[in-house]
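Notes for the structure review
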Amino acid sequence: LPDEKGDNKPFKADVIIANPPTYAHVHLAEAMGIPLHMMFTMPWSPTSTFPHPMGNVAYKDLKESVEKSEELTTFMKLYKRTKENKMKSIWVNENVWSYKKVDLMMHVGMHALFEKFREKQGLKPKWKEGASIISEREVPFAYIWSPSLIPKPVDWGEHIDVVGFSELPGSGFTKPPPKDINDWIHKDLSKPPIFIGFGSCVLPNVRKVAETIYEAAKLADVRVIIQQGWAGLGKHLKGCEGVSFVKGAKYEDDTEAPELDLERKDFCLVIGRVAHSWLFDMVAGVCHHGGAGTTYAGLKAAKPTLIAPFFGDQPFWGQMVNNAGAGPKPTPVEQWKPKSLALKFKSMFTKEQKKAAMVLSRAFNREDGAEEAVRIFHEKLNLGKMECDLLQSDVARFWIPNWKLKLGDRALKYLRDDKPTWVHTEMGPINSYKSFDWSHNGCSSYDKELKDIDLENIVVGEKCKEIILRNLKAIWNQRTPKSPKGAEYIKVILPDPRLRL
């Protein structure tokens, strides 16, 4: 795998962590002979519990595809037959089919590139698993969401885990909160506001959405904070009764609002950019587009959540929040009406939704998704196959057939330059080592003989030399025990020596 920089230095990795849309992951891992672990915030493993968030889009693309491969034709026939016969099954239902649709959609668009890559790397251009290669090979998969919100489906195998949400340490709001927003919220503590913001999402009709929020808030008799985001939501409300703007928020003519008048009677505040980690703690509920991170932030703050999905996995998150009872039914902004939106706003103040959000918040605070993801990642690795036999802190990259040992850079450099006199067998050929051979169900193997191995910059300290020699001596003694008196000498070879210090 040549480096894209063009310096002819090979790309090196001991294991790959990837998400499904990178697509090349499994083919890279197979070419390099290393393990692969998938991690993602969107479901990508077939289950009868819920559909793939992109299943409907994928099926539309498949029907319009100009490519008529055998795999695609077979899939469409099977799916059509299932629909016509109305076959009922606990394990294979419309939800399961949705994952197959997405896998096949990506396969149709990308397989030609992968076939060329595989052929160039000396692999079989075509692979028997086809579009479902990740699920068929049972590649380890960690889903980064809370099992309290979405438990692991019963039809997912042991290679799939739900680890919890992950949050970057120190990503919380550390600066003093904006004084004008903080003062406005505390102006009427009996009516905590609902936050509404859609970040970088493009709104179909910004003016109509803002006016609908304004009318719904009046009908529900609630206070709202509208974050402008990239679309400039709320800028058209200048001059409306009961609407205020914080300093710096933009009007429709692109001018900035002056200092906020806290004496003014209002129920709607339009703001610019502000950290969710602080603001979500100060409001009664949140309404947003339904990204995984924003959904996590709102529920961690124990706030009932209304999701207005736009694309991708956002409808999935909206449905999961609603299923948990922590928010109203998700509704896209183009379907918003003042009366129905007012009812949704009111529902966010009910004890049922507040209790459900609080239960999830407590669960999120007990969990540590990052720590669990790291634990699961290491648990799924077979370190015994990956580590050097003589220096376990090093990754094995070379196989010595004459010695039946897998070695890392430092052990090979030391023994090649200074082989102990008590090792009578010559080192002989050196082969590249694969800790995970995908063509042999993940067993370790070795590849072609290596000729020019550049270890010039590898430094081996005296302590490392001592450990290498001690472990080599232990293995050698175990392999060649002294024969009992009168017995014929027998040489013992253990393919995977475990006696190491």
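Relevant structure appears above.
A quick note: this is a predicted structure, and the numbers were derived from the prediction, not measured. (Residues numbered from 1 in each chain as written. Predicted model: local features only at pLDDT ≥ 70, side-chain atom pairs only at ≥ 80, totals over all residues. Heavy atoms only, no water.)

Structural notes on the sheet that holds strand 3 (residues 141-143)
Heads up, the condition is: Here, strands pair whenever DSSP counts at least two bridges between them. In DSSP terms, a helix is any run of H or I states spanning at least four residues, a strand is any run of E spanning at least two, and both are numbered starting from the N terminus. Whenever a helix is involved, its axis is fitted only over the stretch in contact; in every case the axis is a line through C-alpha atoms, and angles between N-to-C directions fall within 0 to 180 degrees. Whether two residues are in contact is decided by their heavy atoms, any of which lying within 4.5 Å being enough.
Across the sheet, 4 strands lie side by side as 1-2-3-4; this open sheet has parallel pairing. Across the chains shown, the open sheet's two edge strands, defined by having one partner strand only, are strand 1 (16-18) and strand 4 (160-162). For this sheet the average axis-to-axis angle between neighbouring strands, irrespective of direction, equals 20 degrees. Pairing of strand 3 with strand 4 involves 3 bridges; the strand directions are parallel. For F141, the partnering residue across the bridge sits in strand 4 and is I160. Packed on one face of the sheet, helix 13 (residues 369-380) meets strand 1, strand 2 (36-40) and strand 4 and runs near 155 degrees to strand 2.

A short note on the nonpolar core
To be explicit about the condition: The criterion is simple. A nonpolar core is a set of buried Ala, Val, Leu, Ile, Met, Phe, Trp, Tyr and Cys residues joined through side-chain atoms within 4.5 Å. Buried means the residue's accessible area, taken with a 1.4 Å probe over protein chains only, is under 20% of the maximum for its type, while exposed means over 50%, and partly exposed covers the values in between.
Grouped together as the largest cluster of nonpolar side chains are 52 residues, with contacts concentrated most on F198, V224, L279 and F345. Broken down by element, the residue count for this core peaks at 8 residues, all from helix 7 (residues 206-220). Apart from the residues lying within four places of it in its own chain, the contact partners of L279 are I181, I185, F195, I225, I271 and V274. Grouped together as the second largest cluster of nonpolar side chains are 46 residues, W44, V139, L360 and W438 included.

A few points about the environment of A275
Mapped onto the fold, A275 is located in the loop between strand 8 (268-271) and helix 8 (276-282). A275 sits 97 residues away from P178 along the chain, and the two C-alpha atoms are 9.7 Å apart.

Digging into the pattern of salt bridges
The criterion, for reference: A pairing counts as a salt bridge when a side-chain nitrogen of Lys or Arg comes within 4 Å of a carboxyl oxygen of Asp or Glu.
Inspection of every chain in the model, using the stated rule, returns 25 salt bridges. Residues R397 and D14 are paired through a salt bridge, measuring 3.1 Å at the closest nitrogen-oxygen approach. Of this pair, R397 sits in the loop between helix 14 (383-386) and strand 11 (398-400) while D14 sits in the segment before strand 1, placing them 383 residues apart in sequence. Residue R397 is classed as partly exposed on the basis of its relative accessible area of 26%. The exposure class of D14 is partly exposed, given its relative accessible area of 26%. The network of salt bridges with shared partners includes D161, E372, R375, E379 and K380.

A look at the side chain of R479
The condition is simple: Charge assignment in this entry is limited to Lys and Arg as positive and Asp and Glu as negative, and neither His nor the chain termini are counted. Here a polar contact means two N or O atoms within 3.5 Å. Within protein one must be a hydrogen donor candidate and the other an acceptor candidate, and residues neighboring in sequence count only if both atoms are side-chain atoms.
Examined against the element boundaries, R479 turns out to sit in helix 16 (residues 462-479). Of the side chains bearing the opposite charge, D389 lies closest to the buried R479, which forms no salt bridge; the N-O distance is 5.9 Å. Among the polar contacts made by the side chain of R479, one reaches the main-chain carbonyl oxygen of W403 at a distance of 2.3 Å. Polar contacts involving the side chain of R479 include one to the main-chain carbonyl oxygen of K404, which spans 2.8 Å.

Topic: the packing of aromatic side chains
To keep things clear, this is the line we draw: Stacked, edge-to-face and tilted are the three classes for Phe, Tyr and Trp ring pairs, Trp counted by its six-membered ring, which pair at centre distances within 6.5 Å; planes under 30 degrees apart are stacked, over 60 edge-to-face, the rest tilted.
In total, this model carries 22 aromatic pairs according to the counting rule given. With a centroid separation of 6.3 Å and an interplanar angle of 35 degrees, the aromatic rings of W145 and W156 are classed as tilted. Taken together, the positions of W145 in the loop between strand 3 and strand 4 and W156 in the loop between strand 3 and strand 4 put the pair 11 residues apart, joining distant regions of the chain. Geometrically, the ring pair formed by F165 and Y296 is tilted, given 4.9 Å between the ring centres and 35 degrees between the ring planes.

Remember, this is a structural readout, not a statement about activity or role.
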